[in-house]
Amino acid sequence: MNKIVFQNPDGQPKPAIKQTYTSIISASISEMKCETHDKSIEFELVFQAPNIYFVETTACCDEFKSIVEDQIARMLS
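Residues numbered from 1 in each chain as written. Predicted model: local features only at pLDDT ≥ 70, side-chain atom pairs only at ≥ 80, totals over all residues. Heavy atoms only, no water.

J.: Quick rundown of the pattern of salt bridges? Include the residues and the values.
T.: Tallied over the entire structure, the rule returns one salt bridge. Residue D10 is joined to K14 by a salt bridge in which the shortest nitrogen-to-oxygen separation is 2.9 Å. (Salt bridge = Lys/Arg side-chain N within 4 Å of Asp/Glu carboxyl O.)

J.: Give a description of helix α2 (residues 62–76) that names residues and reports values.
T.: Taking 1.5 Å per residue, 15 residues should reach 21 Å; α2 reaches 21 Å between its end C-alpha atoms and fits that length. Residues F64, V68 and I72 constitute the buried set of α2. Projected down its long axis, α2 carries its buried residues within an arc of 70°, all on one side. Residues D62, E63 and R74 are exposed on α2 and point more than 90 degrees away from its buried face. Where α2 is buried, its residues contact β1 (2–5), α1 (15–29) and β3 (52–58). (Helix = DSSP H or I, 4+ residues; strand = E, 2+ residues; numbered from the N terminus. Expected span 1.5 Å × (residues − 1). Buried < 20%, exposed > 50% of the residue type's maximum accessible area, 1.4 Å probe, protein only. Arc of directions from axis to C-beta. Contact = heavy atoms within 4.5 Å.)

J.: Tell me about the pairing of β3, and name the residues and values.
T.: β3 sits mainly inside the fold: five of its seven residues count as buried. By the bridge criterion, four bridges tie β1 to β3 in an arrangement that is antiparallel. Within β3, the residue paired with K3 across the bridge is F54. Once strand β2 (residues 42–48) ends, the chain turns through three residues before running back antiparallel as β3. (Pairing = 2+ DSSP bridges.)

This is the structure we're talking about:
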């Protein structure tokens, strides 16, 4: 599972960070579709206090999920 760690002294969710990374990730994977099922992946950034957003993905199959998660990991590194 991919995660975004950031400085967050107050430990509260940061909507601006969530929106920025959601846009970046979406742009990076928007064209990707499962070759077997012709479906896209869905993802959500979930906040975990005090300073992490996890990228939770849902896909039609494990193979496609792995491919997209690898793409997201490369993009975030």
